[in-house]
Amino acid sequence: MASAGELLREAAQGRRGVDRRLIQAILDNGVEAAQETLAFASASHEADRIDLDPLLVDLFRHWQTPESLEFLIQAIRRSYDDVNDELIQALLPFGERAVGPLLALYEELGEERGSDIAFLLAGLRAHDPRVLDLLLDRLQFDAGDGALCLELYHDPAARPALEAMLADMPAEEVELRRDLQHALDELDQPAPPYDPTPFDIMAEYPERELPAFEVLSESERLQLLDSPDTDTRAGAAHSFFNNELDPKTRAVLLRLAQSDPQAGVRGRAWESLADATEDASIRDAMLAVLADPAREVAERGGAAVGLYGVADREDTSRAIEALYSDSSAVARAKALEAMWRSLWKPYAHFFPQHLDDSNKEIVRQALRGAGYFQLTGHADKIASYFDREDDFEDLREDALFAYALAMPGETTRGRIRGMLRKIDALADLSASEAELVMFALDERLRLQGLDPVFAADAENEQDLEPDPPPAPAGKVGRNDPCPCGSGKKYKKCHGA
């Protein structure tokens, strides 16, 4: 059985998913697990690919051993300006034992950076003259923050200072006066008892999480193609999708596609061989799979997606449309995915009718097709998925991306920022959603043969890369060089 330290090191390198299986394997190490986890937490993590601090906080919250406090204080030091709720809930059960270390940390950080530490000390409600003095000083430094902390601390000894500050507070300082009065009113009420939030560490994590393939090297991903776990093999195979394959990797994926015992794994391998369809033998093998109704849909669907780069060939398009006509929703979704990835205009008419489909995965592919084929007439239907409150609510990002591609308006570099503002006003974008929409708007420009705007801004800010080569005149064709300068065909780069 692997030790807790070994398991954590594997997860930190992305070779194991952070899921219930990992947590159970750590806990199965018994009393030694906490010590090994503390040793891991205390080691250098400069070479880690995955930040495991959230998992470590949850593990120590689960154990609540005396040694856990040392780690939690260090975690607070690393994130002193934004201590999250999970870290707070992990610390509160330590009560008076946490006062000394937190006071030392506040002294180290100083008043300017110590706001969250003062809040934590107040939340412990461990009435200690050192804490009261700190919070009274905090009141003078930042009246609003200090009043909130003293309200939470709930010590009647704070009343004279609050009353004196309220008496001296000018009438025009309405909000501060309200904060001070609220703190005084709360001191008149009994202190609410500390009621620790029940914590089930397993409930916080998925049953299964695949390795973080995006941080693994090619050789590591190739090794995972031999994993005994079906999902891991499939995920490892798919991690090569739209990558330029060297001969060794191509041969390994082809062998997997032809021999793996699971259809889902074979399908993922065929998808990742999309880069190899210029090889007639591989293309023909893939087409034979797609056209064989005796094959499982998972494999046929993977072959369809793998053939998207040659979907305008008569034999390929005929086989993709046959898959589309299959009664299986999985088959139709995969056929639609192959169609929109192809960027072949004759496929555009397949998508509108599925924007109202009852199957979520079919709708997802319909949204992407409506975006990439710029079906502006269906922009309102696309936007209807921004704020769904049903089983389709997780299609919001797909809809945002599609809307950015298909929304009405002339596509010029001068107008693209206005489009971003319009989408933001319509959908109230988060920071990550804004990045997604900016990428989609840049994609819209590329489809018209224009240089991107937002990617160029990022490059200019970071000054990391030279300007990309000029885009070809007119719209970008599927087989034209991609204007991003990668050297790939558009259909296998940004067009994918």
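Everything numeric here is computed off the predicted structure, so don't read it as measured data.

K.L.:
How should the overall build of the protein be read in this particular structure?
P.N.:
Helices and strands together make up the secondary structure of the protein, namely 26 helices and 0 strands. With respect to the three principal axes, the spread of C-alpha positions in the protein is 85 × 60 × 45 Å. Here the protein holds 496 residues, and the buried ones make up 49% of them. For the protein, contacts bridging at least 24 residues in sequence account for 61% of all contacts bridging at least 6. Total accessible area on the protein is roughly 23800 Å²; 48% of this is exposed by carbon and sulfur atoms. Of note, the protein has its 53 positive side-chain charges centred 10 Å away from the centre of its 94 negative side-chain charges.

K.L.:
What am I meant to see in the nonpolar core here?
P.N.:
Counting 84 residues, the largest nonpolar core has L273, L290, I320 and L367 as its most contacted members. In terms of residue count, the dominant contributor to this core is helix α23 (residues 396-406) (8 residues). The residues touching I320, leaving out its near neighbours within four places in the chain, are L290, A304, A311, A335, A338, M339 and Y347. Within the second largest apolar cluster, 70 residues are counted, among which are A11, L38, L124 and M169.

K.L.:
Just to check I follow, could you spell out the environment of Y385 for this structure?
P.N.:
Looking at where Y385 falls in the secondary structure, it is placed in the loop between α22 (379-383) and α23. Since its relative accessible area comes to 2%, Y385 is described here as buried. Distance from Y385 to R396, taken between C-alpha atoms, is 5.7 Å for residues 11 residues apart in sequence. In contact with Y385, not counting residues within four places along its chain, are L355, D356, V363, L367, F392, L395, R396 and A399. Within the structure, the side chain of Y385 is placed 2.4 Å from the backbone oxygen of L355, a separation counted as a polar contact.

K.L.:
Explain the pattern of salt bridges to me, please; I cannot follow it from the model alone.
P.N.:
If charged atoms from side chains of opposite charge come close, those side chains can pair. The final tally for this structure, using the stated rule, is 35 salt bridges. Residue E108 is joined to R77 by a salt bridge in which the shortest nitrogen-to-oxygen separation is 2.7 Å. With E108 in helix α7 (residues 99-109) and R77 in helix α5 (residues 66-78), this pair connects stretches of sequence that are 31 residues apart. Residue classification places E108 among the partly exposed positions, given a relative accessible area of 44%. As a salt-bridge pair, D128 and R130 come within 2.9 Å of each other at their nearest N and O atoms. Take D128: its relative accessible area is 18%, and that puts it in the buried class.

K.L.:
What exactly am I supposed to notice about the packing of helix α18 (residues 297-306) against helix α20 (residues 329-342) here?
P.N.:
Axes are the key here: two packed helices are described by the angle between their axes and the distance separating the axes. It is the contact of α18 with α20, at a shortest axis distance of 8 Å, that shows an interaxial angle of 5°. For the element pair α18 / α20, the angle class is roughly parallel. Taking contact as the criterion, the partners of V297, G301, A304 and V305 in α18 are, on α20, V330, A331, K334, E337, A338 and R341. Considering only residue class, the contact of α18 with α20 consists of 6 nonpolar, 1 polar and 3 charged.

K.L.:
Would you mind going over the packing of aromatic side chains with me for this structure?
P.N.:
By convention here, two paired aromatic rings are described through the distance between centres and the angle between planes. Counted according to the given criterion, the structure contains 12 aromatic pairs. Ring centres of W340 and Y372 lie 5.4 Å apart, and the angle between their planes is 10°; on these two criteria the pair is classed as stacked. Remark: Y372 occurs in helix α21 (residues 360-372) and W340 occurs in helix α20; sequence separation between them is 32 residues. In this structure Y372 comes out as buried when scored by relative accessible area, which is 8%. With 5.5 Å between their ring centres and 75° between their planes, F386 and Y403 make a pair best called edge-to-face. Taken together, the residues F386 in the loop between α22 and α23 and Y403 in helix α23 connect sequence positions 17 residues apart. Overall, Y403 belongs to the buried group, its relative accessible area being 4%.

K.L.:
It is not clear to me how a negative patch on the surface should be interpreted in this structure. Could you clarify?
P.N.:
A surface patch of like charges, here negative, comprises D85, E86, D200 and E204. Looking at the secondary structure, you find D200 in the loop between α12 (174-187) and α13 (218-224).

K.L.:
Would you mind showing me how to read the environment of G301 here?
P.N.:
Position of G301 relative to the elements: it lies in helix α18. Residue classification places G301 among the buried positions, given a relative accessible area of 0%. Spatially, the C-alpha atom of G301 lies 9.5 Å from that of Y324, the residues being 23 residues apart in sequence. Setting aside chain neighbours within four positions, we find G301 in contact with L323 and K334.

K.L.:
Is there a simple way to explain the side chain of Q13 in this structure?
P.N.:
With respect to the helices, strands and loops of the structure, Q13 is situated in the loop between α1 (4-12) and α2 (20-27). Excluding residues that lie within four positions of it along the chain, Q13 makes contacts with A47, D48, R49, V215 and L216.

K.L.:
Looking at this structure, how should I read unusual backbone geometry?
P.N.:
With the exception of glycine, most residues fall at negative phi, and the peptide bonds are largely trans. In this structure, R125 takes a positive phi of about 55° despite not being glycine. Of note, R125 is situated in the loop between α8 (115-124) and α9 (129-141). Of note in this structure, D428 is not a glycine but carries a positive phi near 50°.

K.L.:
Would you take a moment to explain the confidence of the model for the protein for this structure?
P.N.:
Caution applies to low-pLDDT regions: their predicted coordinates should not be interpreted in detail. Averaged over the protein, the pLDDT score is 91; the fraction of residues at 70 or greater is 92%. Here residues 464-479 is modelled with pLDDT under 50, and outside its nearest four sequence neighbours on either side it reaches 43 contacts, counting other chains as well. Low pLDDT (under 50) marks residues 483-487, which in the prediction has 14 contacts with non-local residues, meaning those over four places away or in another chain.

K.L.:
Looking at this structure, how should I read the packing of α7 against α9?
P.N.:
Packing of α7 against α9 brings their axes to within 11 Å, and their N-to-C directions diverge by 35°. As for how α7 packs across α9, the hand of that crossing is left-handed. For the pair α7 and α9, the contacting residues are V99, L103 and Y106 in the first and R130, V131, L134 and R138 in the second. Along the lines of polarity and charge, the residues of the contact of α7 with α9 split into 5 nonpolar, no polar and 2 charged.

K.L.:
Please clarify how α7 should be interpreted in this entry.
P.N.:
Given 3.6 residues to a turn, an α-helix orients residues that are three or four positions apart in the same direction. For α7, every residue scored as buried is listed here: V99, L102, L103, L105, Y106 and L109. Along the axis of α7, the buried positions cluster into a sector of 160°, meaning they face one direction only. Looking at the packing, one finds that the buried side of α7 touches α5, α6 (85-91), α8 and α9. Residue G110 follows α7 closely and has a positive phi angle near 90°.

Criteria and thresholds
Residues numbered from 1 in each chain as written. Predicted model: local features only at pLDDT ≥ 70, side-chain atom pairs only at ≥ 80, totals over all residues. Heavy atoms only, no water. Helix = DSSP H or I, 4+ residues; strand = E, 2+ residues; numbered from the N terminus. Buried < 20%, exposed > 50% of the residue type's maximum accessible area, 1.4 Å probe, protein only. Contact = heavy atoms within 4.5 Å. Areas by Shrake-Rupley, 256 points an atom, 1.4 Å probe, with all protein chains shown as cover. Lys, Arg positive; Asp, Glu negative; His and termini not counted. Charge placed at Lys NZ, Arg CZ, Asp CG, Glu CD. Core = buried A, V, L, I, M, F, W, Y, C linked by side-chain atoms within 4.5 Å. Polar contact = N/O pair within 3.5 Å; in protein donor to acceptor, adjacent residues only side chain to side chain. Salt bridge = Lys/Arg side-chain N within 4 Å of Asp/Glu carboxyl O. Axes fitted to C-alpha atoms, helices over the stretch in contact; angles between N-to-C directions. Parallel < 35°, antiparallel > 145°, perpendicular 65-115°, else oblique. Nonpolar A, V, L, I, M, F, W, Y, C, P; charged D, E, K, R; others polar. Phe/Tyr/Trp six-rings, centres within 6.5 Å; stacked < 30°, edge-to-face > 60°. Patch = residues over 30% accessible without salt bridge, like charges linked within 9 Å, V, L, I, M, F, W, Y side chains within 5 Å. pLDDT = per-residue confidence, 0-100. Left-handed = near helix turned anticlockwise from the far one by under 90°. Arc of directions from axis to C-beta.

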